[in-house]
Amino acid sequence: MRFWSALLIAIVGLCFSEKALYAGSAPTKSIIAHAAVNARVLPLWVARDQGFFSKYGVPSETIFIRQAPTLVAALTSGDIQIGYTGGTAVLGAAAGGSDLKILAAFTNRVTYDVVAKKNIKTPEDLRGKIFGVQSIGGTVWMGAILALEHFGLDPNRDKISLIAAGDQSVLAQALMTGTIDATVLDGVMSRPLHENGYPILAELSKANIPISSVGIVAKGSFIQSNPEMIENLLKALLESEAFIFGPSNKGRAMAILKKYLRINDHEAEEGYKDVITGLDRKPHASLDGLRNVQRLMKLRNPAVEKVKVEELVDDSFMKKLDQSGFIDQLYAKYGVK
């Protein structure tokens, strides 16, 4: 047992920066791990750089763990305290017996754009075509399935082939070379294509299709033992959200994106647009979003069907902060209407 625990710690350690490893050794700091490096992580980075974690008495270190399953394993073992991840990871863990709870979800709807080759003008033109996704069963794949459902299309009936082609940059390149006929992309990737004549068949952020995307996750036992810490952590992240939406803070938010993603001004501008489009101002976890994830996951993992999604959410902290007026006061403070 000790061997496997040591092995897990070693795997997680490989994903930490030197600074994160040093901070992780300090018992006064909680470790918040995220499994992606993109603009959606901005609320974490803002809370860190603007000092919101310290302001609310929860000094925290944000670290990157390359794979969501490794992140979930570290959460389950207690090597990290908080996960910044999505409903897919939580459902998969719950099907395996893990006691993880979603405390808040910053995005509860599909936010991709459906982009197609230049000769495809309408959703109906997708029949018989190749639809590229990042991986079968992944988040982009789910976005693609939900997009097709939104169009009234069925991959089997309409002979639409879904193939795993790579991450979003690879998908964009595959579209340009004609390897695939359509895909779903974040706005930062779809907008340049659209400017070059590739049609956007739908901006799914406007369709309000429920899905449980990135949010705050912790073990049920840790939540019960540390309710004050959890509440203050959420306060810090809620202030981070309000800061991001604040009109006068756009420049600072973009500077933080540039710092962590190592991108230029134009790319930061596009990333900021995606963040503003995708973030929910009051990030209550969506049960409908979790049900959509469960419905799609069980196609490849039947074990998730037994999970009761209602038991995966602990919304008590968010309800308290919302009903007390705390969230509205933050948005008023930063001039958000």
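The structure displayed is predicted, hence computed values, not measured ones.

Cut-off values and rules
- One numbering rule holds for all chains: residues counted from 1, following each sequence as written.
- Note on the predicted model: pLDDT of at least 70 is required for a residue's local features to be given, and 80 or more for side-chain atom pairs to be given and counted; whole-chain, interface and lining totals, by contrast, use all residues.
- Hydrogens and waters are ignored; side-chain quantities use all the structure's heavy atoms.
- Any two strands with at least two DSSP-identified bridges between them are counted as paired.
- Runs of H or I in DSSP of at least four residues are treated as helices and runs of E of at least two as strands, each being numbered from the N terminus.
- All axes are obtained by fitting lines to C-alpha atoms, using only the stretch in contact for helices, and the reported angles, taken between N-to-C directions, cover 0 to 180 degrees.
- Relative accessibility decides the category of a residue: with a 1.4 Å probe and only protein chains considered, values under 20% of the type maximum give buried, values over 50% give exposed, and everything between is partly exposed.
- By the criterion applied in these results, polar contacts are pairs of N or O atoms within 3.5 Å in which, for protein atoms, one can donate a hydrogen and the other can accept it, and in which residues neighboring in sequence qualify only through two side-chain atoms.
- Whether two residues are in contact is decided by their heavy atoms: any pair within 4.5 Å suffices.
- One side-chain nitrogen of Lys or Arg within 4 Å of one carboxyl oxygen of Asp or Glu is enough to make a salt bridge.
- Each residue gets a pLDDT score, which is the predictor's confidence in that residue and runs from 0 to 100.

**Some details on the sheet that holds strand β2 (residues 60–64)**
Spatially, β2-β1-β3-β10-β4 is the arrangement adopted by the 5 strands of the open sheet, whose pairing is mixed. Looking at strand neighbours, the two that pair on one side only are β2 and β4 (100–105), the edges of this open sheet. Looking at each pair of strands side by side, their axes are set apart by 25° on average, direction ignored. As defined by bridge partners, β4 adjoins strand β10 (residues 215–219) across 5 bridges and the pair is classed as antiparallel. Across the sheet, Ala105 pairs through a bridge with Gly215, a residue of β10.

**Thoughts on the side chain of Glu239**
One can find Glu239 in helix α11 (residues 227–245). Given the relative accessible area of 1%, Glu239 is considered buried. Side chain to side chain, Glu239 and Tyr334 meet in a polar contact 2.6 Å long. Look past the residues within four positions of Glu239 in its chain and what remains in contact with it is Phe52, Lys55, Tyr56, Leu330, Lys333 and Tyr334.

**Topic: the pattern of salt bridges**
Throughout the structure, instances matching the rule amount to 23 salt bridges. Residues Glu61 and Arg48 are paired through a salt bridge, measuring 3.0 Å at the closest nitrogen-oxygen approach. Here Glu61, found in strand β2, pairs with Arg48, found in helix α3 (residues 42–49); they are 13 residues apart in sequence, far enough to count as distant. With a shortest N-O distance of 3.1 Å, Asp274 and Arg191 are connected by a salt bridge. In this pair, Asp274 sits in helix α13 (residues 265–278) while Arg191 sits in helix α9 (residues 187–195), placing the two residues 83 residues apart along the sequence. A cluster of three or more residues bridged by salt bridges with shared partners is formed by Arg191, Glu270, Lys273 and Asp274.

**Side note on the confidence of the model for the protein chain**
Averaged over all residues, the pLDDT of the protein chain is 91; the fraction at 70 or higher stands at 92%. Contacts for the low-pLDDT stretch residues 1–27, under 50 throughout, to residues beyond four places or in other chains number 24 contacts.

**Quick word on the environment of His150**
Relative to the helices and strands, His150 resides in helix α7 (residues 139–150). Take His150: its relative accessible area is 43%, and that puts it in the partly exposed class. Measuring from C-alpha to C-alpha, the distance between His150 and Ala202 comes to 9.4 Å, with 52 residues separating the pair along the chain. Apart from residues lying up to four places away in sequence, His150 is in contact with Leu204, Ala207 and Ile209.

**Comments concerning the environment of Asp99**
In this structure, Asp99 sits in the loop between α6 (87–95) and β4. Residue classification places Asp99 among the partly exposed residues on the basis of a relative accessible area of 39%. For the pair Asp99 and Glu311, spaced 212 residues apart in sequence, the C-alpha to C-alpha distance is 9.5 Å. The residues touching Asp99, leaving out its near neighbours within four places in the chain, are Ala218, Lys219, Gly220 and Ser221.

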